[in-house]
Amino acid sequence: LQPYDQISVGRAELVYVNGEVGRVGGVELGERDSISIAQVLSQSGGFTRDAKKSKVRILRPVEGTSRRAVIEVDITQLFEGKGLDIPLLPGDIVYVPRTYTRQFWQLLGSVALPMLPYIIFLGTQ
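Position labels on residues start from 1 in each chain and follow its written sequence. Only residues with pLDDT of 70 or above have their local features reported here, since the model is predicted, and side-chain atom pairs are shown and tallied only from 80 upward, although totals for entire chains, interfaces and linings are computed over all residues. Remark: hydrogens and water are excluded; side-chain values derive from all non-hydrogen atoms of the structure.

Caption draft 1: Region of the structure containing the overall build of the chain. Helix and strand counts for the chain come out as three helices and seven strands. In the chain, the order of α-helices and β-strands from amino to carboxyl end is β-β-β-α-β-β-α-β-β-α. Exposure is judged per residue with a 1.4 Å probe applied to protein chains only, and the accessible area is read against the type maximum: over 50% gives exposed, under 20% gives buried, and values in between give partly exposed. Among the 125 residues that make up the chain, the fraction classed as buried is 23%. Residue pairs at least 24 apart in sequence account for 58% of intrachain contacts in the chain once pairs closer than 6 positions are excluded. Secondary structure elements are taken from DSSP: a helix is a run of H or I of four residues or more, a strand is a run of E of two residues or more, and numbering for both begins at the N terminus. In this description, contact between two residues means that some pair of their heavy atoms is separated by no more than 4.5 Å.

Dropping the structure here:
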């Protein structure tokens with residue numbers, strides 16, 4: 001470099017990850033035009049234990065509008081080698097929803113199990 005040289009750095013393109021992942025935030029594309037959904041999820045720390053892997057959504061900007069198209073992906077199929085590893089584009093948002101199945105069983109266990117001895121006792125009378 002010489003005195004008065006100017007350096008120009010391009011703006012980093014990002015794919016955003018939100019929901020039930022280890023680290024919410026943006027993943028840089030770097031020099032790539034796209035990145036696979038499996039790579040983005042891996043770079044985001046993977047899924048939390050409450051992640052609903054069968055209903056992951058990609059929210060993709062619709063050019064010329066302020067709307068987003070919704071692409072639903074079953075990541076369990078992908079990781080079993082049966083699904084497509086969809087390429088993500090700059091500005092895409094990957095949303096991993098929460099499953100409420102585990103939460104339901106925890107709630108049921110905390111409410112129903114303490115009542116079980118009373119139910120059995122009343123049933124024997």
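Caption draft 2: Region of the structure containing the pairing of strand β2 (residues 25-28). In this sheet, β2 lies alongside strand β1 (residues 14-19) in antiparallel orientation, the contact comprising four bridges. Looking at β2, one finds that V15 is bridged to V27. Two strands are said to pair when DSSP picks up at least two bridges between them. Linking β1 back to β2 in an antiparallel pair, the connection comprises five residues.

Caption draft 3: Up close: a nonpolar patch on the surface. Nonpolar side chains (Val, Leu, Ile, Met, Phe, Trp, Tyr) are joined into patches within 5 Å and like charges within 9 Å, using only residues with over 30% relative accessible area and no salt bridge. To measure how exposed things are, a 1.4 Å probe is used in the Shrake-Rupley method; for residues, cover is taken only from the protein chains shown. Every case where a carboxyl oxygen of Asp or Glu lies within 4 Å of a side-chain nitrogen of Lys or Arg is listed as a salt bridge. A cluster of nonpolar residues, L1, I7 and V9, forms a patch on the protein surface that exposes about 410 Å² of accessible area. Residue position: L1 is located in the segment before β1. Judged by its relative accessible area of 84%, L1 falls in the exposed class.

Caption draft 4: Structural detail: the packing of aromatic side chains. Pairing of aromatic rings covers Phe, Tyr and Trp, the last counted by its six-membered ring, and requires centre-to-centre distances within 6.5 Å; plane angles under 30 degrees mean stacked, over 60 mean edge-to-face, and any other angle means tilted. All chains considered together, the criterion is met by one aromatic pair. A centroid spacing of 6.5 Å and a plane angle of 70° characterise the contact between F47 and F79, whose relative ring orientation is edge-to-face. With F47 in the loop between α1 (37-43) and β4 (56-61) and F79 in helix α2 (residues 75-79), the pair connects residues that are 32 residues apart, well separated along the chain. Residue F47 is classed as partly exposed on the basis of its relative accessible area, which comes to 22%.

Caption draft 5: How the structure looks around the sheet that holds β4. Ordered by their spatial adjacency, five strands build an open sheet running β2-β1-β7-β4-β5, and the pairing between neighbours is mixed. Where the open sheet ends on each side, the last strands, each with one partner, are β2 and β5 (68-73). If you compare each strand with its neighbour and ignore which way they point, the axes differ by 25° on average. Axis definition: a line fitted to C-alpha atoms, over the contacting stretch in the case of helices. Angles run 0 to 180 degrees between N-to-C directions.

Caption draft 6: Local environment of the pattern of salt bridges. Enumeration over the complete set of coordinates arrives at five salt bridges. A salt bridge links R98 to D50, with the shortest nitrogen-to-oxygen separation between them at 3.7 Å. In this pair, R98 is assigned in the loop between β7 (93-96) and α3 (101-124) and D50 in the loop between α1 and β4, connecting sequence segments 48 residues apart. For D50, a relative accessible area of 15% puts it in the buried group. K82 is the salt-bridge partner of E80, the closest N and O atoms lying 3.6 Å from each other. For E80, a relative accessible area of 51% puts it in the exposed group. Within this structure, E20, D50 and R98 form a network of salt bridges that share partners.

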